[in-house]
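Given next are the chains, with one letter for each unit.
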Amino acid sequence: MKKLLSVLLCIALLLPCVSGFAEYTMPQRWVSDEKSTITYITQMHALQTNLDDYKYLADLEAATNVHLDAEWIPAGQWNEKKNALLAGGVELLPDVINSLNHADIATYAPQGYFVKIDEYLSEELTPNLMDLFKRYPEFKAAITFSDGHIYSLPTINMLPFRQSPYNIFINKEWLDKLELDIPTNYEDFYKVLCAFRDNDCNGNGDPTDEIPLAGLFASGTDYFRWISLFAAMGYPVGSINLNFMYVTDDHRVTLAPLEEGFDDALRYFKKLYSEDLLQKETFTMTNAEYTGLGNSATAVYGVYCDWFGNVVVGSENFDEYVVLPPMAGPDGSTTWSNMGTSLFYGGGGTVINAEASNIEACIKWLDYLYLPEISLQTTRGNFGVVIEKNEEDGMYHYINSDDTFRVMNVPAEALPFAFTADQVETVVLAENMMRKINDFYPLNAAVMATNALPAATFTLEETADVAFYQADIVSYITKMLSAFITGQSDIDTEYEAFINQLKKMGVDEYLKLYQGLYDRFQAALK
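So, a few notes on the structure that sits alongside this text. From a predicted model like this one, the values you see are computed outputs, not experimental measurements.

A separate point is the overall build of the protein chain. Tallying secondary structure elements over the protein chain gives 19 helices and 14 strands in all. The C-alpha radius of gyration computed for the protein chain amounts to 25 Å, which stays within 12% of the reference 24 Å derived for 526 residues, consistent with globular compactness. For the protein chain, the spread of C-alpha atoms along the three principal axes comes to 75 × 70 × 40 Å. Across the 526 residues in the protein chain, those meeting the buried criterion constitute 54%. When contacts within the protein chain are restricted to residue pairs at least 6 apart in sequence, long-range pairs at least 24 apart make up 75% of them. Entry remark: accessible area of the protein chain is about 22,800 Å², with carbon and sulfur atoms responsible for 51%. For the protein chain, the distance from the average position of its 34 positive side-chain charges to the average position of its 73 negative side-chain charges is 1 Å.

Here it is in structure tokens:
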């Protein structure tokens, strides 16, 4: 009987829900009276195989009277396919291309490959885009090219924690066992780490397996890097790209190593490393090694880094941990990284071929995708199948919260969408996301840095110049900070030479490029 009930439950989860939005029909907005066909290419989510049979796309066709003749490319093959397509010339491109990056647009827009979308923006043709840009002018500024034109449309995901996603987690059970409070400054933090090192905090009989501060530095995913701990010391860096770049309160783009006192911050972490408080493998571990150790049968990490928390230590161990709020720095002030719009809108986006057979049809069809109820479904799931509205609380709830189920029913990033802040507030998301939004992110938001680098577009020449400087500068900074913290290089005698070498590598010119980008973005907002 139990087996039968299990089978019936599984079947029920896979079937569309017959309540709520079972009879939902997408709002009709025909692009033209006669059926149009738009050729389209994009990369797919890693879990998707072919979207042609998705009911969602059939519904979209019925609502717009546009047939999508699409090529869905697996994510691992996308760059090769995209690069070959662009190199073949504009006449070989489909009508609409999704999933391009900043560099693609900066390279091919000046060559006349793409439509100047701004010339078609109007209340008549693009009412949804007009409304979006009115409510969120920062996104229009982000996609406005240096020549004043817009060549691409963005995919926007405004889950609020993406503005400051990095959290530090601390083992509350260990603190309670040792009768210690959650540290609020770096001096107390050091004392707590020492206590974690010197005691059998996890009670497994081995007083040497506790790792006071765990995390990755340069290897692995940015989710797991601990460099956000530099933030409250006055250097509000995130861990994206490990470039240690941020914007000061007076709108100056800088690199943390160039700022006064950063060498003292390095001395603090060198002290942690030399006293076995910072994980010795922090500079060499992989994601798998880091999370594998964290998922041990008993908790071994005292403090660690993650976006959501449960990934690194596992669901069972995670019950022992709480978020460590951003601590006060040496001067008593507290700040935390601000990623701005860079994780709301990753850059690049969707373009229209300048030689498309029906540009106006492409414009109107794309605008339809930015209708709020369509964007919501494209990213979070179609009504009556993946999500439905609860009339009592007015919120959208998941019928089936399994993420695989979601991307097997809707295109997600294979179509552009705008999941805006006001929409986020209407959806009851997965438990880990709701916890992040309601409990973790507010701790960061309260002390987040005022300014941030935008997700905006460099010119073609600037893109080449950034590439020329960035790889070597970032690699050198990563190498030297690792050397300073491990003691392979001496901070007292070699730090000045480190700064001088950055100057020789063109760090001032590199920063001027980002300063110009930031200034243009600020001007576009006015």
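Next, the rest of the story.
Spatial strand order, β2-β1-β3-β11: 4 strands in an open sheet with mixed pairing. A strand with exactly one partner marks an edge of an open sheet, and here the two such strands are β2 (66-73) and β11 (349-352). Taking each pair of neighbouring strands and ignoring which way they run, the sheet shows an average axis angle of 20°. In the sheet, strand β1 (residues 36-43) pairs with strand β3 (residues 96-100) via 2 bridges, with the strands oriented parallel. Its bridge partner being in β3, Tyr40 is matched across the sheet by Val96. Sitting on the sheet, helix α3 (residues 78-87) touches β1, β2 and β3, and the angle it makes with β3 is about 135°.

Here we come to the environment of Pro183. Residue placement: Pro183 occurs in the loop between α7 (172-177) and α8 (186-198). For Pro183 and Glu425, which are 242 residues apart along the polypeptide, the C-alpha to C-alpha distance reads 32 Å. Aside from chain neighbours lying at most four places away, what touches Pro183 is Ile170, Asp188, Phe189, Val192, Leu324 and Met327.

This part takes up the pairing of β3. As a general feature of sheets, a regular strand has side chains that alternate between the two faces. Buried residues dominate β3, accounting for 5 of its 5 residues. Note that β3 and β11 share 3 bridges and pair antiparallel. Counterpart to Val96 in the pairing with β11 is Ile352.

Let us look at the nonpolar core. Judged by nonpolar contacts, the single largest core of 138 residues is most densely connected at Phe230, Phe244, Tyr290, Tyr301, Tyr304, Trp365 and Phe498. The leading source of residues in this core is helix α17 (residues 460-486), at 10 residues. Discounting chain neighbours no more than four positions away, the residues touching Phe498 are Pro257, Tyr476, Ile477, Met480, Leu481 and Phe484. Counting residues in hydrophobic clusters, the runner-up holds 24 residues, among them Ile387, Tyr396, Val424 and Met433.

To continue, consider the pairing of strand β5 (residues 167-171). Across the 5 residues that make up β5, a large majority, 5, are buried. Strand direction decides the pairing type here: β5 and strand β9 (residues 301-306), joined by 4 bridges, are antiparallel. Residue pairing for β9: Ile170 is matched across the bridge by Val303. In terms of strand pairing, β5 meets strand β10 (residues 321-324) through 4 bridges, oriented antiparallel. Bridge pairing in β10 links Phe169 to Val323.

Within the open sheet, the 4 strands sit side by side as β6-β9-β5-β10. Their pairing is mixed. One side of each edge strand has no neighbouring strand; the edge strands of this open sheet are β6 (211-213) and β10. Shown here is a sheet whose adjacent strand axes are inclined to one another by a mean of 35°, direction ignored. With 2 bridges joining them, β6 and β9 adopt parallel strand pairing. Bridge pairing in β9 links Leu213 to Val303. Taken strand by strand, helix α10 (residues 287-294) contacts β6 and β9, and its axis lies near 140° from that of β9. Here helix α11 (residues 310-318) sits on the sheet in contact with β5, β9 and β10, set at roughly 130° to β9.

What follows deals with the packing of aromatic side chains. With the rule as written, the count across this model stands at 40 aromatic pairs. Where Tyr108 meets Tyr113, the ring centres are 4.8 Å apart and the plane angle is 45°; that geometry is what we call tilted. The residues Tyr108 and Tyr113 share a single accessibility class, namely buried. Taking the centre distance of 6.0 Å and the plane angle of 80° together, the rings of Tyr113 and Phe114 count as edge-to-face. By the burial criterion, Tyr113 is buried, and Phe114 matches it. Within the aromatic cluster, the residues linked to one another by ring pairs are Tyr186, Phe189, Phe217, Trp226, Phe230, Tyr235, Phe244, Phe262, Tyr268, Phe269, Tyr273 and Phe283. A cation sits over an aromatic face here: Lys271 above Tyr190, 4.1 Å from the ring centre.

Bringing the packing of helix α2 (residues 55-64) against helix α12 (residues 359-369) into the picture now. The geometry of α2 relative to α12 is characterised by a closest axis approach of 11 Å and an angle of 125° between their N-to-C directions. The angle between α2 and α12 falls in the class oblique. Regarding α2 and α12, the two cross each other, and that crossing is right-handed. For the pair α2 and α12, the contacting residues are Leu60, Ala63 and Thr64 in the first and Trp365, Tyr368 and Leu369 in the second. Residue composition of the contact of α2 with α12, grouped by class: 5 nonpolar, 1 polar and no charged.

A word on the pattern of salt bridges. Tallied over the entire structure, the rule returns 19 salt bridges. Note that Asp198 is salt-bridged to Arg197, the shortest N-O span being 2.8 Å. With a relative accessible area of 26%, Arg197 lands in the partly exposed category. Within the structure, one salt-bridge network assembled from shared partners comprises Asp263, Asp264, Arg267 and Asp492.

Scoring rules and cut-offs
- Residue numbers here run from 1 along each chain, matching the order of that chain's written sequence.
- Only residues with pLDDT of at least 70 get local features here, since the model is predicted, and only at 80 or more are side-chain atom pairs given and counted; chain-wide, interface and lining totals rely on the full set of residues.
- Only hydrogens and water are removed before side-chain values are computed, so all heavy atoms of the structure are retained for them.
- In DSSP terms, a helix is any run of H or I states spanning at least four residues, a strand is any run of E spanning at least two, and both are numbered starting from the N terminus.
- In this description the radius of gyration comes from C-alpha coordinates, and the expected globular size is given by 2.2 Å times residues to the power 0.38.
- A simple rule labels every residue: compare its accessible area, found with a 1.4 Å probe on the protein chains alone, to the largest value its type can have, and call it buried under 20%, exposed over 50%, or partly exposed in between.
- In what follows, residue pairs with any heavy atoms lying within 4.5 Å of each other are defined as contacts.
- Computed with a 1.4 Å probe, the accessible areas rest on the Shrake-Rupley method; for each residue, only the protein chains presented here act as cover.
- Positive residues here are Lys and Arg, negative ones are Asp and Glu, while His and the chain termini are left out of the count.
- Throughout, a charge is located at the NZ atom of Lys, the CZ atom of Arg, the CG atom of Asp or the CD atom of Glu.
- Paired strands are those between which DSSP finds at least two bridges.
- For helices, the fitted line uses only the C-alpha atoms of the stretch in contact; every axis is such a line through C-alpha atoms, and the angle between N-to-C directions lies from 0 to 180 degrees.
- To define a nonpolar core, start from buried Ala, Val, Leu, Ile, Met, Phe, Trp, Tyr and Cys residues and group those joined through side-chain atoms within 4.5 Å.
- In this scheme Phe, Tyr and Trp rings, the latter by its six-membered ring, pair at centre separations within 6.5 Å, and the angle between planes marks the pair as stacked below 30 degrees, edge-to-face above 60, and tilted otherwise.
- Only when the NZ atom of a Lys or the CZ atom of an Arg is both within 6 Å of the ring centre and within 35 degrees of the ring normal do we say a charge sits over the ring.
- Note that the term roughly parallel is reserved for angles under 35 degrees, roughly antiparallel for angles over 145, roughly perpendicular for angles of 65 to 115, and oblique for everything else.
- Crossing chirality is assigned from the near helix's rotation relative to the far helix, an anticlockwise turn below a right angle marking it left-handed and a clockwise turn marking it right-handed.
- By the convention adopted, Pro, Cys, Tyr, Trp, Phe, Met, Ile, Leu, Val and Ala count as nonpolar, Lys, Arg, Asp and Glu as charged, and the other residues, Gly among them, as polar.
- Salt bridges are defined by distance alone: a side-chain nitrogen of Lys or Arg within 4 Å of a carboxyl oxygen of Asp or Glu.

The analysis is restricted to geometry; functional conclusions fall outside its scope.
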